[in-house]
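Commentary on secondary and tertiary structure
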There are 4 protein chains.
Amino acid sequence: MDGHWNAFRAGNEINDAGRSLDANHMRPQEFHMKTAFTLAALTLAAASLPAFAKGVVINQAITEAEVLAAQQGWCKALVDISTTGTKSGQSAAKALAERVIDAAYGYQMGGVLFKPTLTVNPQTFRTTRAGALAYFVGGDPAFPKDTGFALKGWTKCEVDNAAVFIAGDSATTMGKVNITGKDGKITTVDKTWKFVKDDAGKLRIVVHHSSLEYAGQ
Amino acid sequence: MDGHWNAFRAGNEINDAGRSLDANHMRPQEFHMKTAFTLAALTLAAASLPAFAKGVVINQAITEAEVLAAQQGWCKALVDISTTGTKSGQSAAKALAERVIDAAYGYQMGGVLFKPTLTVNPQTFRTTRAGALAYFVGGDPAFPKDTGFALKGWTKCEVDNAAVFIAGDSATTMGKVNITGKDGKITTVDKTWKFVKDDAGKLRIVVHHSSLEYAGQ
Amino acid sequence: MDGHWNAFRAGNEINDAGRSLDANHMRPQEFHMKTAFTLAALTLAAASLPAFAKGVVINQAITEAEVLAAQQGWCKALVDISTTGTKSGQSAAKALAERVIDAAYGYQMGGVLFKPTLTVNPQTFRTTRAGALAYFVGGDPAFPKDTGFALKGWTKCEVDNAAVFIAGDSATTMGKVNITGKDGKITTVDKTWKFVKDDAGKLRIVVHHSSLEYAGQ
Amino acid sequence: MDGHWNAFRAGNEINDAGRSLDANHMRPQEFHMKTAFTLAALTLAAASLPAFAKGVVINQAITEAEVLAAQQGWCKALVDISTTGTKSGQSAAKALAERVIDAAYGYQMGGVLFKPTLTVNPQTFRTTRAGALAYFVGGDPAFPKDTGFALKGWTKCEVDNAAVFIAGDSATTMGKVNITGKDGKITTVDKTWKFVKDDAGKLRIVVHHSSLEYAGQ
């Protein structure tokens, strides 16, 4: 009689698959259905639903493709800044890095929580644009230990996601990023990025935690 | 040189289409690109991107299909409560209405802003579960003017969306809802619903404004 | 022993009280606590917590004061456009209305779901900036039935909220808005607004449903 | 009758102050007002605004106090599991760790992106509850390199935030966490946490990236 309320469940197969992170535990939804009332029948088969709403559709949800593109954009920018530094010098690399930071991070939106891979105390965290720029290309007396991470001659950068979590209006990724130096040696970092969509529809990084792999044991 | 930063733009064709609400006005993104710096080239063609991230993908974004299903669920529930009332009486209809409210609205999540179609002062708004229940099935002395909107013998309910706005983790719809009475007469209301996803992945109504069409002029 | 986990609960006792909308149903949290483990004691008294985090604090949550100010800004704009129309004519009123729409609505952010009070079929809904402008000041042949709602000589506008729901990064209000005409007569409408914060930190209207009170019964 | 809804208010004065990230840079909103158009007069002085909305107020925004309490809850739980392990053995510590994970993390809400401090390939990331439990207390043959981070006899845990970013309905923190071992030696880690509020109003960790400080240069 009221089985149609099942239609309120997330109908998306991808969503549901993603939720079943741990098959050994009952999902909260299953609990709900058993304790509240048993849905007699699923009368709204997905096939009978209209594919699209009539009228205007505005969809600001972040897609997986957008997240992957943003990650690759970051990687390519790192190599580009490196290449520019090698070919045209620190000043040109700095100019490019400024454009990259302004286009890809959210400093102008409110702030960024940025823990770069190689920073040390007392300037581990870079919550300002100036701190991010200094990390990438150095040359800022306010950040005396920064030598320019993006000027190390990187030739390649690849993302290997362990997980992508799209919360709807933000997305967080966690995984390995492998960057290849000029000598061909690969450095692997553990990296977390949180992206949000700005008013123009562009993804921007608002959280960035990068760390060398734990060497130990 | 830095054209790849274009990758940070929303790559989703559907999103972009949805954003072009008014073709006569320049989109903010275009404005941004012209004032900030011109992206030389789009070097990351969508076709070159991996289709999916490796690893776990958790996607809590609300989909258009979920929204449409939730709307149809509401419509079907209205007719079901009406049918139950006619066949089995107010008490059975009330029991069903309680299950519907608990399954489809967000009263237990924090609260609901509900302006039903036919309520009058001083009880126009129904921010409590009791107020919603009284509106649907009447019989509550605390809401003496309620005679039970869902008990009017409705036989059909159809949604005609003017717009669906998915903000990522919430979705709002606005449009006409046409409900057919037992005499075959159709009543059309203007309706706004806001849905959010609960922890179990189900859409729930947290805002509901319904009004008769303006007769006037 | 592990009573401190209680600290993960919203520390606000008031919230919890407010959440008990339906005493007849077990709250999800109670369920959790009973099945998972009983919290022995609350060892982290609120008084022992540091008042502020050290370091940078970025808080983009919408405040109640911001919501109230945005509502009053809308009211004042309506009266201002009316006054401008009376004193300086439709053209001046239109110019002001354009600035108001661009400053207070979210058309440039993605779109707006707008159901004005007095619109009729087939142009009930105004999802474009042009449609909103036509409603407020008329004079657009594409919207032939619009005579200019804001040109009716309104002298006063007051908001009487039934409810304000702050979801964190958006806020929805529902209530009465009383507007006084040049003859001193008050028109009351039922109004729902959803506000979001743009990248510059300003609230903008993205949903607006307005309707005359139900006359009936 | 339902005035208790006022209980949902959370009047946080701190919000606005938190926006002044960098006093040396003009805030975006000021910029906007200067470039867009000057409002003829700012007649709505803050002092003239009503302090509170009439009617129901539901406020789900995360507060800074909630974030700090959740962080301290995590710290205290780590010490408690350690103490339990020392006094009562691994089995008791494991039982407590399970309750802690279920109460403080979001595995049952959809998933968690967790990069613990000391994990190594190929099990660096722990997106499942089982992986988190193995990290904290070891003893799981599926995670053979885990010896139980929480069983190392920690006696103290303190959070030193570099930044707290409240996005409204989520909050991310980044900073140092100092944990003291049984020998009195302090280990400092760089830690990022993202919290969301569940349907019951409790904060839960959905992102957790922890790393040893960069030793080098």
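Look a little higher up for the structure.
The notes below deal with the structure included here. Owing to the predicted nature of the structure, the values given are computational and were not obtained by experimental measurement.

Once that is clear, we can look at the overall build of chain A. When you go through chain A residue by residue, the secondary structure sums to 5 helices and 6 strands. In chain A, which comprises 217 residues, the proportion classed as buried is 60%. Working note: accessible area of chain A is about 8,400 Å², and carbon and sulfur atoms make up 56% of it.

Once that is clear, we can look at the sheet that holds strand S2 (residues 113-115) of chain B. Strand order in the open sheet made by the 6 strands is S1(A)-S3(B)-S4(B)-S5(B)-S6(B)-S2(B), with mixed pairing throughout. Strands at the two margins of the open sheet, each flanked by one partner only, are strand S1 (56-59) of chain A together with S2 of chain B. Going from strand to strand, the sheet's axes swing by 30° on average, the running direction of each strand aside. Relative to strand S3 (residues 156-166) of chain B, S1 of chain A runs parallel, the two being bridged by 4 bridges. Following the sheet pairing, asparagine 59 of chain A is matched in S3 of chain B by isoleucine 166 of chain B. This element, helix H3 (residues 64-88) of chain B, spans S1 of chain A together with S3, strand S4 (170-180), strand S5 (186-197) and strand S6 (203-212) of chain B of the sheet and lies at about 150° to S3 of chain B.

All names here are of chain C. In terms of burial, strand S5 (residues 186-197) is a largely internal element, 10 of the 12 residues being buried. Alignment of strand S4 (residues 170-180) against S5, held across 11 bridges, turns out to be antiparallel. By the bridge assignment, alanine 171 is partnered in S5 with phenylalanine 195. Between S4 and S5, which pair antiparallel and follow one another directly, the connecting turn spans 5 residues, one of which, glycine 184, has a positive phi of 85°. For S5 and strand S6 (residues 203-212), the ladder comprises 9 bridges, and the chain directions are antiparallel.

Below, the discussion takes up the packing of helix H4 (residues 90-104) of chain A against helix H5 (residues 129-137) of chain A. Residues and elements named next belong to chain A. One way to put it is that H4 packs onto H5 with a least axis distance of 10 Å and a crossing angle of 135°. Taken together, H4 and H5 sit at an angle that is classed as oblique. Relative to H5, H4 is oriented so that their crossing is right-handed. Contacts between H4 and H5 pair Gln90, Ala93, Lys94, Ala97, Glu98, Ile101 and Asp102 from the former with Arg129, Ala132, Leu133, Phe136 and Val137 from the latter. Classifying every residue of the contact of H4 with H5 gives 7 nonpolar, 1 polar and 4 charged.

With that settled, consider the sheet that holds strand S5 (residues 186-197) of chain A. Taken together, the 6 strands give an open sheet; going across it, the order is S2(A)-S6(A)-S5(A)-S4(A)-S3(A)-S1(B), and neighbouring strands pair in mixed fashion. The open sheet has two edge strands, strand S2 (113-115) of chain A together with strand S1 (56-59) of chain B, and neither has a second partner. The mean inter-strand angle of the sheet, taken between neighbouring strand axes irrespective of direction, is 30°. Relative to the sheet, helix H3 (residues 64-88) of chain A contacts strand S3 (156-166), strand S4 (170-180), S5 and strand S6 (203-212) of chain A together with S1 of chain B, its axis offset from that of S3 of chain A by approximately 150°.

Residue and element names in this part refer to chain A. Taken as a whole and assessed by the stated rule, the structure comprises 4 disulfides over all chains. Between the sulfur atoms of cysteine 75 and its disulfide partner cysteine 157 the distance amounts to 1.9 Å. Taking the sign of the S-S torsion, -55° for the link of cysteine 75 and cysteine 157, the bridge is left-handed. A residue pair is termed long-range when its members are at least 10 positions apart, and cysteine 75 in helix H3 and cysteine 157 in strand S3 qualify at 82 residues. Across the pair, cysteine 157 and cysteine 75 agree in class, each one buried.

A few words on the packing of H3 of chain B against helix H4 (residues 90-104) of chain B. All names here are of chain B. At a closest axis distance of 7 Å, the pairing of H3 and H4 adopts a crossing angle of 160°. Taken together, H3 and H4 sit at an angle that is classed as roughly antiparallel. Where H3 crosses over H4, the two elements pack in a sense that is right-handed. Contacts between H3 and H4 involve Ala77, Asp80, Ile81, Thr84, Gly85 and Ser88 from the first element and Gln90, Ala92, Ala93, Leu96, Ala97 and Val100 from the second. When the residues that make up the contact of H3 with H4 are grouped by side-chain class, the tally is 7 nonpolar, 4 polar and 1 charged.

What follows covers the pattern of salt bridges. Applying the stated criterion across every chain, the model contains 36 salt bridges over all chains. A salt bridge links glutamate 66 of chain C to lysine 197 of chain C, with the nearest nitrogen and oxygen atoms 3.1 Å apart. Separated by 131 residues along the polypeptide, glutamate 66 of chain C in helix H3 (residues 64-88) and lysine 197 of chain C in strand S5 bring together distant segments of the chain. Note on accessibility: glutamate 66 of chain C and lysine 197 of chain C belong to one class, buried. Residue arginine 129 of chain C pairs with aspartate 102 of chain C through a salt bridge whose shortest N-O separation is 2.7 Å. In this pair, arginine 129 of chain C sits in helix H5 (residues 129-137) while aspartate 102 of chain C sits in helix H4 (residues 90-104), placing the two residues 27 residues apart along the sequence. With relative accessibility at 34%, the residue aspartate 102 of chain C sits in the partly exposed group. Here the salt bridges share partners, and the residues they tie into one network are Glu98, Asp102 and Arg129 of chain A.

Once that is clear, we can look at the nonpolar core. Grouped together as the largest cluster of nonpolar side chains are 82 residues, with contacts concentrated most on Trp74, Tyr105 and Phe136 of chain A together with Trp74, Tyr105 and Phe136 of chain B. Core analysis: the second largest hydrophobic core is formed by 80 residues, Ile101, Val164 and Ile205 of chain C together with Val189 of chain D among them.

With that out of the way, let us pick up helix H3 (residues 64-88) of chain D. Residue and element names in this part refer to chain D. The end-to-end C-alpha distance of H3, which contains 25 residues, comes to 35 Å, matching closely the 36 Å that a straight helix rising 1.5 Å per residue would cover. Within H3, 18 of the 25 residues are buried, leaving the element largely enclosed by the surrounding structure. Downstream of H3 by a residue or two, glycine 89 has a phi angle that is positive, lying close to 95°.

Criteria and thresholds
Residues numbered from 1 in each chain as written. Chains lettered and ligands numbered in written order. Predicted model: local features only at pLDDT ≥ 70, side-chain atom pairs only at ≥ 80, totals over all residues. Heavy atoms only, no water. Helix = DSSP H or I, 4+ residues; strand = E, 2+ residues; numbered from the N terminus. Buried < 20%, exposed > 50% of the residue type's maximum accessible area, 1.4 Å probe, protein only. Areas by Shrake-Rupley, 256 points an atom, 1.4 Å probe, with all protein chains shown as cover. Pairing = 2+ DSSP bridges. Axes fitted to C-alpha atoms, helices over the stretch in contact; angles between N-to-C directions. Contact = heavy atoms within 4.5 Å. Parallel < 35°, antiparallel > 145°, perpendicular 65-115°, else oblique. Left-handed = near helix turned anticlockwise from the far one by under 90°. Nonpolar A, V, L, I, M, F, W, Y, C, P; charged D, E, K, R; others polar. Disulfide = S-S within 2.5 Å. Salt bridge = Lys/Arg side-chain N within 4 Å of Asp/Glu carboxyl O. Core = buried A, V, L, I, M, F, W, Y, C linked by side-chain atoms within 4.5 Å. Expected span 1.5 Å × (residues − 1).

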